[in-house]
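Summary of the model geometry
One-letter residues, chain by chain:
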Amino acid sequence: MNTVNLEQLLHRYKSGHSLEQPFYTSAAVFDAEWECIFRKHWLYAGNVAQLKKAGDYFLYHLRDDAVIVVRGNDERVYAHYNTCTHRGSAICLEDSGQVSKFICPYHQWVFDKDGTLLNARMMPDDFCKEHYNLRPVHIKLTEGLIFICLATEAPDFLPIEDSLSPYVKTYQVDKAKVACIKNYTLAANWKLVAENFRECYHCGGAHPEYCKAVIGANLRESTEDFTVEKQKAWAAKGLTTALVEVTAGTTTYGVRYPLRPGFESYSIDGKKISIPMGLHQDHDAGVVGLVNYPNFWMDAVSDYIWTMKVTPVDACTTNVEFCWLVDEKAEEGKDYTLERLTAFWEITGAQDGALCENNFKGIRSNAYRPGPYAPVEDQVINFVDWCVKELRAG
Amino acid sequence: MNTVNLEQLLHRYKSGHSLEQPFYTSAAVFDAEWECIFRKHWLYAGNVAQLKKAGDYFLYHLRDDAVIVVRGNDERVYAHYNTCTHRGSAICLEDSGQVSKFICPYHQWVFDKDGTLLNARMMPDDFCKEHYNLRPVHIKLTEGLIFICLATEAPDFLPIEDSLSPYVKTYQVDKAKVACIKNYTLAANWKLVAENFRECYHCGGAHPEYCKAVIGANLRESTEDFTVEKQKAWAAKGLTTALVEVTAGTTTYGVRYPLRPGFESYSIDGKKISIPMGLHQDHDAGVVGLVNYPNFWMDAVSDYIWTMKVTPVDACTTNVEFCWLVDEKAEEGKDYTLERLTAFWEITGAQDGALCENNFKGIRSNAYRPGPYAPVEDQVINFVDWCVKELRAG
Amino acid sequence: MNTVNLEQLLHRYKSGHSLEQPFYTSAAVFDAEWECIFRKHWLYAGNVAQLKKAGDYFLYHLRDDAVIVVRGNDERVYAHYNTCTHRGSAICLEDSGQVSKFICPYHQWVFDKDGTLLNARMMPDDFCKEHYNLRPVHIKLTEGLIFICLATEAPDFLPIEDSLSPYVKTYQVDKAKVACIKNYTLAANWKLVAENFRECYHCGGAHPEYCKAVIGANLRESTEDFTVEKQKAWAAKGLTTALVEVTAGTTTYGVRYPLRPGFESYSIDGKKISIPMGLHQDHDAGVVGLVNYPNFWMDAVSDYIWTMKVTPVDACTTNVEFCWLVDEKAEEGKDYTLERLTAFWEITGAQDGALCENNFKGIRSNAYRPGPYAPVEDQVINFVDWCVKELRAG
């Protein structure tokens, strides 16, 4: 039960069917995914609205690693491992904060925001300070979204940038405000969370609020004519509508789709949530839905951005971080309330979380066998195929 | 410490002595037991008094498996794995309940109580529904006791039925009422729980209430003449008294023994607990003690049945379920109170639970060596021999 | 990630640098350390002030083993495994207590304090009682300090005795009183706790209270002349001042160093804590600092002894026990208060605990690499060298 032949599992994989049990439960498969997927690809870490001033930082926990993402004095954003080069102590002890310099709490070695070791007291004369800077992590930004990569050599970032930036730039994330960040821990394999967020076969049964806001989400309404009409209107306003699909060598999905007529935002009552963000002039930009495999989801309406960062903890546990952004000019209490801003995704996300955990419970049974995806689950097949491809390549 | 040579362990086993440490602590031995014992033999799952109406169900959790035991429309009782054949979601989310049909909470596939897939919405025309019924589990009933078997091919059920039914039929479990079910988690290997319930060497020191109710339980009183006399009286009333022993190829133990003169029931004060069950006319049926390896214990007096279901969680953890049954005509508050009904086994069971956990703590030490069972622990030897035999066969 | 080649790790070890990650995180390395270090060497278990009367006992938990340390009728102190020789039950259920005999709670086998099986009821005539005494553990005492050894053959105890006794004897531990014992669980490898307590490079930044009490602890004050002067005064009073270093084949470190002028004890305010202990006549004995690898630390001032017992639980978890001893004539409330007695090490220990846990967090990262110890961390190098040597020998 504990030994798994990954090669055979990969060989037996049959596209169109869900994966065999060990893909979801085995620690060995998870380790392989960590190496072949999470330590190879660009991972969404956060956004620049979290780092307004020089010295603002946050940590991104990736299993036993913690990456410090920090705004430098030169406005640039840096990423370092949170491990002192002296005796290995964690340096930043809080998950986010503000520093002028990084001072290790153990023996007070001092590092600059860019990672340079500035001072190591009482070390001998022949000590080469320049060999003991903080270890860097690859980092790239596009339109205020921050991606990091744990690989020795990072893959090309351009395909991600080219796909995401046309959709994100109108939001002006650098002029946005982080209204709220929440973390959830799910007792489910990370791929089940990803699969859940790649199909709406479950929406009609599980998401009354979402289906009320999004025309066609229940898969029972025809939306084609309406969508074509909206796309013309969006294009006229300079909003991109080009569908981005994950294909060979890419990891990004992008789409703009309409809210139900009468809905101004992702909200329970259909009414707007805040003032339009960035360059938006009205509440009629539809929904921008973005995904970047393996860990990034973003659903943006005219007046707010919701992002989801999916981070595996182990084969059976997944951390999910929701972040809500509004325009930096939006005043809480006046232009928006936190309660209305977060209600839509807190409710929908809780429904999804329960579905994922129940899915995982059933898959742990010996009775589980790969089942056939429905035709409307084609994006799930795309994602699972991608995972298998990455494992085969690794 | 982590690698265990099961073959050598089995080879070294010396009947009459307790098992070597790895039998109680090793995950590898536990996995072997799971395959050779728990996934091979008939397991007590519950009783029909838990399933009065069509659609009543309960779950039996067996490690990562959950088995749905459900009353069908045709009065029959069915057992299925609680895993959807689409994407594997758990279907029943509560441990017991009432359904008209099973509807998977994820994508609303619909299954009949007998496991037939009735509807899978939006699947393509060539989808073979009949291939995606719920996966069945072997099930057998005798006198209202429900047994399941996880094996591909189940062993003969007749020896169990033949042994248990003469003892159980007078209780008319189908006309009984479930008064109470309680679950306990013990930090002990499951075999220590089983061993504990196969000897009374410990009773004198540990169980004052039990020894007060059961003459001879302290192993200091002679009961032979008294027992012979009672057996004649029971036989005259048509109550079986034939001792059933576990022998080659069987798994059942059965006995009827007397309460202490003056005691009408398993109670703290010796007074009756409820009205006589089923066909019983008085409070003088003694104690029916039944065991079926590996997981079933039942102690029944004239007016109530207590069952114990022993379910391993892992090598170091065991779930124990107590169930109290009374006659369905017995009214709570009038004919019995829950407090008096459960007191005897809650007190005695808590004493046993502590003994098992202490036993396990000591066995985890490197200092532990197999020790000699006392002659009065012969039924423990029988049980341990049986476990070793099953492991050797597997 | 889970498989570790210990031989290669040991081969790559570079004295002067911290250990590679698996030494701190791998279960396999921890198992090796347990065998080569903790099951081989003398371990500090406690002191005789914990065992005033015959029958007083305490347990020392070492992973799955529990060792009973008990005062016998003959004043001697015995050590046995807490596992019954019948069916393996734990015998003593409380971590400390008082017994006249050991009676197993399961089947009432009776053992004398010296471990002799006195009575095993209902065993057959040919049962050899003398084969079923409690299994003994090696035990040695020096000046009231109790050491045990789990090895089959224990190493020579004389080097420990010779090093410790000159420092400890003036305290007369057999006439001391246990004022307080506290246990802490740290999420850190045990060696990080040991390393932390072998250097004061961190003291200036982390321990304001300690640096106030101990001149030179901040490594910024010159103390040589002052120390030489104090040593002369101590020698004149018959107090040993001979530095004991850990060298080839020994495990003990010992030193006497001065408190800051004006300080009478390890206290927050510098004032004395209690009456002088044992043979001490005043509050001017400085600090006696003793270490015995792998698990014993003691810091004693004139009026109280503080000991620290470091016990690994697993690679990632360490139990730390603090014990405070005062003279047995000291009355609580009059001669000392518990709050003042414990404050100094509770504060300093909490600071150290946090440093150790942060150190461990950073070391768990893939970014961690062995770093260079500072010259003032020479005692850490001594300890780490010793661990590597023991592993190589094992």
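Residues numbered from 1 in each chain as written. Chains lettered and ligands numbered in written order. Predicted model: local features only at pLDDT ≥ 70, side-chain atom pairs only at ≥ 80, totals over all residues. Heavy atoms only, no water.

Looking only at helices and strands, chain A has 10 helices and 16 strands in total. Its C-alpha radius of gyration of 22 Å places chain A within 12% of the 21 Å reference for a compact globule of 394 residues. Expressed as lengths along the three principal axes of its C-alpha atoms, the size of chain A is roughly 75 × 55 × 35 Å. Scored against the burial criterion, the 394 residues of chain A give a buried share of 59%. In chain A, the share of contacts with a sequence separation of at least 24, taken over all contacts with a separation of at least 6, comes to 64%. Roughly 15500 Å² of accessible area belongs to chain A as shown, and the carbon and sulfur atoms make up 50% of that amount. Across chain A, the centroid of the 40 positively charged side chains sits 1 Å from that of the 52 negatively charged ones. (Helix = DSSP H or I, 4+ residues; strand = E, 2+ residues; numbered from the N terminus. Rg over C-alpha atoms; globule rule 2.2 N^0.38 Å. Buried < 20%, exposed > 50% of the residue type's maximum accessible area, 1.4 Å probe, protein only. Contact = heavy atoms within 4.5 Å. Areas by Shrake-Rupley, 256 points an atom, 1.4 Å probe, with all protein chains shown as cover. Lys, Arg positive; Asp, Glu negative; His and termini not counted. Charge placed at Lys NZ, Arg CZ, Asp CG, Glu CD.)

On to the interface of chain A and chain C, then. On the side of chain C, 31 residues touch chain A, which itself brings 28 residues to the contact. When the area that chain A buries against chain C is broken down by residue, the three leading residues are Arg87(A), Tyr106(A) and Met122(A), summing to 30%. Seen at the junction of chain A and chain C, the total is four salt bridges. Between Asp64(A) and Arg364(C) there is a salt bridge, with the nearest N and O atoms lying 3.4 Å from each other. Each residue belonging to the side of chain A that touches chain C can be placed in one class, and the counts come to 12 nonpolar, eight polar and eight charged. (Buried area = accessible area lost by both parts, 1.4 Å probe. Salt bridge = Lys/Arg side-chain N within 4 Å of Asp/Glu carboxyl O. Nonpolar A, V, L, I, M, F, W, Y, C, P; charged D, E, K, R; others polar.)

Going through the model one piece at a time under the given rule, you end up with 78 aromatic pairs over all chains. Here Phe197(B) and Trp297(B) contribute two aromatic rings whose centre-to-centre distance is 6.4 Å and whose plane-to-plane angle is 65°, an arrangement assigned as edge-to-face. Here the residue Phe197(B) occupies a position in the loop between helix H5 (190-196) and helix H6 (203-206), and Trp297(B) occupies one in strand S14 (residues 296-300), the gap between them amounting to 100 residues. For Phe197(B), a relative accessible area of 16% translates into the label buried. Through pairs of rings, three or more aromatic residues link up here, namely Tyr184(A), Phe197(A), Tyr210(A), Tyr266(A), Trp297(A), Trp306(A), Phe322(A), Trp324(A), Phe344(A) and Trp345(A). Taking the ring centre of Trp34(C) as reference, the NZ or CZ of Arg63(C) above it sits at 5.4 Å. (Phe/Tyr/Trp six-rings, centres within 6.5 Å; stacked < 30°, edge-to-face > 60°. Lys NZ or Arg CZ within 6 Å of the ring centre and 35° of its normal.)

What follows covers the relation of the copies chain A and chain C. For the pair chain A and chain C, the relating rotation is 120°, the translation along its axis is 0.0 Å, and the fit reaches an RMSD of 0.0 Å. In short, the pair behaves as if placed about a three-fold rotation axis. (Least-squares fit on C-alpha atoms with pLDDT ≥ 70 in both.)

Take the state of the cysteines next. Tallying each qualifying case throughout the model produces three disulfides over all chains. Between the sulfur atoms of Cys200(C) and its disulfide partner Cys203(C) the distance amounts to 2.1 Å. Its S-S torsion of approximately -85° makes the covalent link between Cys200(C) and Cys203(C) left-handed. Cys211(B) takes part in no disulfide bond, and the closest cysteine sulfur to it belongs to Cys203(B), at a distance of 5.4 Å. (Disulfide = S-S within 2.5 Å.)

Here the focus is the pairing of strand S14 (residues 296-300) of chain C. Residue and element names in this part refer to chain C. Most of S14 sits out of view: five of its five residues are buried. Going residue by residue along S14, you find Phe296, Met298 and Ala300 tucked away on one face and Trp297 and Asp299 tucked away on the opposite face as well. The pairing of strand S13 (residues 287-292) with S14 spans five bridges and is classified as antiparallel. Across the sheet, the residue bridging to Gly289 is Asp299, located in S14. Between the end of S13 and the start of S14, which pair antiparallel, lie three residues. With five bridges joining them, S14 and strand S15 (residues 305-314) adopt antiparallel strand pairing. Across the sheet, the residue bridging to Asp299 is Trp306, located in S15. With antiparallel pairing between neighbouring strands as the criterion, S14 and S15 make up a hairpin whose turn holds four residues. (Pairing = 2+ DSSP bridges.)

Residues and elements named next belong to chain C. With respect to the helices, strands and loops of the structure, His283 is situated in the loop between strand S12 (252-257) and S13. Polar side-chain contacts of His283 include one of 3.3 Å to the side chain of Asp303. Once residues lying within four places of it in the same chain are set aside, the contact partners of His283 are Glu264, Lys272, Ser274, Ile275, Pro276, Ser302 and Asp303. (Polar contact = N/O pair within 3.5 Å; in protein donor to acceptor, adjacent residues only side chain to side chain.)

To continue, consider the pattern of salt bridges. Going through the model one piece at a time under the given rule, you end up with 63 salt bridges over all chains. With its nearest N and O atoms 3.0 Å apart, the salt bridge here joins Asp327(C) to Lys329(C). Accessibility expressed as a relative area gives 3% for Asp327(C), which makes it buried. Where salt bridges share partners, they join Arg87(A), Glu195(C), Glu199(C) and Glu377(C) into one cluster.

Residue and element names in this part refer to chain A. Counting residues in hydrophobic clusters, the biggest one holds 111 residues, and the most contacted among them are Val67, Phe147, Ile148, Tyr210, Tyr266, Tyr304 and Trp345. For this core, the element with the highest residue contribution is helix H10 (residues 378-393), accounting for eight residues. Beyond its immediate stretch of four places on either side in the chain, Tyr304 contacts Ser265, Tyr266, Ile273, Met277, Asp299, Trp324, Leu325, Val326, Leu341, Phe344 and Trp345. (Core = buried A, V, L, I, M, F, W, Y, C linked by side-chain atoms within 4.5 Å.)

Below, the discussion takes up unusual backbone geometry. All names here are of chain A. Cis geometry is adopted by the peptide bond preceding Pro294, which originates at Tyr293 and carries an omega value of 5°. Looking at the secondary structure, you find Pro294 in the loop between strand S13 (287-292) and strand S14 (296-301). One non-glycine residue with positive phi stands out, namely Leu219, at about 60°. Along the chain, Leu219 falls in the loop between helix H7 (208-213) and helix H8 (224-236). On the basis of relative accessible area, Leu219 is assigned to the partly exposed category, the value being 32%.

Residue and element names in this part refer to chain A. Taken together, the four strands give an open sheet; going across it, the order is S4-S3-S2-S5, and neighbouring strands pair in antiparallel fashion. The open sheet has two edge strands with one neighbour each: strand S4 (77-81) and strand S5 (96-98). Between one strand and the next, the sheet's axes are offset by a mean angle of 25°, whatever the strand orientation. For strand S2 (residues 56-62) and strand S3 (residues 65-71), the ladder comprises six bridges, and the chain directions are antiparallel. The partner of Phe58 across the bridge, within S3, is Val69. (Axes fitted to C-alpha atoms, helices over the stretch in contact; angles between N-to-C directions.)

All names here are of chain B. Taken in spatial order, the six strands line up as S11-S16-S15-S14-S13-S12 in an open sheet, and their pairing is antiparallel. The outermost strands of the open sheet, each flanked by one partner alone, are strand S11 (176-186) and strand S12 (252-257). Neighbour-to-neighbour, the strand axes of this sheet turn through a mean angle of 15°, independent of strand direction.

All names here are of chain B. Two elements in contact, helix H3 (residues 27-38) and helix H10 (residues 378-393), have axes separated by 9 Å at closest approach and are oriented at 95°. Looking at the two axes, H3 sits roughly perpendicular to H10. Side by side, H3 and H10 meet where Ala32, Glu33, Cys36 and Ile37 of the first sit next to Trp386, Cys387, Glu390 and Leu391 of the second. (Parallel < 35°, antiparallel > 145°, perpendicular 65-115°, else oblique.)

Let us look at H3(B). In terms of burial, H3(B) is a largely internal element, nine of the 12 residues being buried. Every buried residue of H3(B) is accounted for by Val29(B), Phe30(B), Asp31(B), Ala32(B), Glu33(B), Trp34(B), Cys36(B), Ile37(B) and Phe38(B).

What follows concerns the environment of Ser222(B). Residues and elements named next belong to chain B. Here Ser222 is to be found in the loop between helix H7 (208-213) and helix H8 (224-236). Owing to a relative accessible area of 71%, Ser222 belongs among the exposed residues under this scheme. In this structure, the C-alpha to C-alpha distance between Ser222 and Asp65, residues 157 residues apart in sequence, is 47 Å.

By themselves, these observations are geometric and do not establish any function.
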